[in-house]
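The lines below spell out each chain.
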Amino acid sequence: MVGGGAMGCGIALEFATAGRQVTLYNTRSDSSAQAQVRMERDAAQMVETGLLSPAQASAALARIRRTTVLAEAVADQDFVIESVPEDLALKQRVFQQLDGLASPGTILATNTTALSVTAIARDCSRPERVLSAHYYLPANLIPLVDVIPGEKTSPEVVEATRLLLEEVGKAPVVFQRDVPGSIGPRLQQALIAEALRLVQEGVATPEMVDRAITHGMGRRLGVTGVFDRLDLVGLDQMAAIMRGSGRPVPPVIAQKVERGEFGLKSGQGFYSWTPDATAAFEERVARHLSAQLREERASGRLRTPSAETES
């Protein structure tokens, strides 16, 4: 693991809890010490929430070796992942170093959020072994990892990375080509842009926007995505909402509505819906939202309504 910031520490801890030996590289000894404190804190939180036992946490931390010598960090490693600041020139220099120091068979992965894998691998002699494994903060708790090849990345390297990530408990999504920004960051940027616009125009305060997300749409996003949610609402209903707000109806929705593909109610939308699939989906959503509501009421973050007795 090259780079022991918030992301790097989470990735190192993730591999270590899965039984892998990890070497964590930082440029300075003080940064290395800070990384150790962060990983100990994160491991303790995983114990408190029941994800690890105290013995498992101790064993995981013992599997992480820290160093400030890059050659020592990458020697004889099967998989090296970089998580340094999002600066193309910096990442290119790091990968040029990794290219010269790592074993010929080592897979070199970048955790870039928005940069091109192809550009990062520009000065590497083996770009076929370079790809992106993009994690989401906190890396040890979010299952998703975007696996993105560069223009010259070999399919075998992509598949080996996917299998490795699944082995350590992640949920990788494999892209077919180099896509700077991947899915999550691009969706997040769109949400951030609209949130800032609402505040700048005086429509809402930052607190109102955050509350709308955490107490509204954000809850649903834990169990539904965009397209299954559209199917749940009904594509005909969504088209009506868009027209009512003065927005154009995207062709993909208009075409489906014309064909009578409304979503759950018609059995076909962006997904196919059988009665059993619909029932399972609705139950999963209800259980997820109920669990969140129950937890917040139990913690006192939300008030439990008083039961009224009918006379």
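Read on for a plain summary of the structure. Everything numeric here is computed off the predicted structure, so don't read it as measured data.

A word on the layout of surface pockets. Its volume calculated, the largest pocket comes out at about 1,900 Å³. In this structure, the largest pocket is lined by 42 residues; those nearest its centre are Leu 187, Met 217, Leu 221, Gly 225 and Val 226. If you list the elements that add at least two residues to the lining of the largest pocket, you get strand 6 (144-149), helix 8 (184-200), helix 9 (206-221), helix 10 (227-233), helix 11 (235-244), helix 12 (251-258) and helix 13 (275-299). Element by element, the count of residues in the lining of the largest pocket is highest for helix 8, at 9 residues. For the lining of the largest pocket, the per-class residue count stands at 28 nonpolar, 9 polar and 5 charged.

With that settled, consider the packing of helix 2 (residues 29-48) against helix 3 (residues 54-62). For the pair helix 2 and helix 3, the least separation of the axes is 9 Å and the interaxial angle reads 155 degrees. Accordingly, the angle class assigned to the pair helix 2 and helix 3 is roughly antiparallel. Viewed along their axes, helix 2 and helix 3 form a crossing whose handedness is right-handed. Contact residues: Met 39, Glu 40, Ala 43 and Val 47 in helix 2; Pro 54, Ala 57 and Leu 61 in helix 3. Considering only residue class, the contact of helix 2 with helix 3 consists of 6 nonpolar, no polar and 1 charged.

All chains considered together, the criterion is met by 4 aromatic pairs. Measuring from centroid to centroid gives 6.3 Å for Tyr 271 and Trp 273, while their planes differ by 75 degrees, and the two rings are edge-to-face. Taken together, Tyr 271, Trp 273 and Phe 281 form an aromatic cluster joined through their ring pairs. Here the guanidinium or amino end of Lys 256 rests over the ring plane of Phe 270, the centre of that ring lying 5.2 Å away.

What follows deals with the side chain of Gln 92. Considering the arrangement of structural elements, one finds Gln 92 in helix 5 (residues 88-101). Look at Gln 92 and you get buried, because its relative accessible area is 10%. Those residues in contact with Gln 92 that sit more than four places away from it in its chain are Ala 119, Ile 120, Arg 122 and Asp 123.

Let's shift gears to the nonpolar core. Within the largest apolar cluster, 34 residues are counted, with the highest numbers of intra-cluster contacts made by Ile 11, Phe 15, Ile 64, Ile 81 and Tyr 135. With 7 residues, the single largest contributor to this core is helix 1 (residues 6-17). Residues contacting Ile 64, with those up to four places away along its chain left out, are Ala 12, Leu 13, Ala 16, Val 22, Leu 24 and Met 39. Counting residues in hydrophobic clusters, the runner-up holds 21 residues, among them Ala 102, Leu 108, Leu 115 and Val 179.

Thresholds applied
- Residues numbered from 1 in each chain as written.
- Predicted model: local features only at pLDDT ≥ 70, side-chain atom pairs only at ≥ 80, totals over all residues.
- Heavy atoms only, no water.
- 1 Å grid on protein atoms, 1.4 Å probe; cavity = no way out; pocket = protein on both sides within 12 Å on 5 of 7 lines; lining within 4 Å.
- Points joined across faces, edges and corners; volume = space filled by probe spheres on them.
- Helix = DSSP H or I, 4+ residues; strand = E, 2+ residues; numbered from the N terminus.
- Nonpolar A, V, L, I, M, F, W, Y, C, P; charged D, E, K, R; others polar.
- Axes fitted to C-alpha atoms, helices over the stretch in contact; angles between N-to-C directions.
- Parallel < 35°, antiparallel > 145°, perpendicular 65-115°, else oblique.
- Left-handed = near helix turned anticlockwise from the far one by under 90°.
- Contact = heavy atoms within 4.5 Å.
- Phe/Tyr/Trp six-rings, centres within 6.5 Å; stacked < 30°, edge-to-face > 60°.
- Lys NZ or Arg CZ within 6 Å of the ring centre and 35° of its normal.
- Buried < 20%, exposed > 50% of the residue type's maximum accessible area, 1.4 Å probe, protein only.
- Core = buried A, V, L, I, M, F, W, Y, C linked by side-chain atoms within 4.5 Å.

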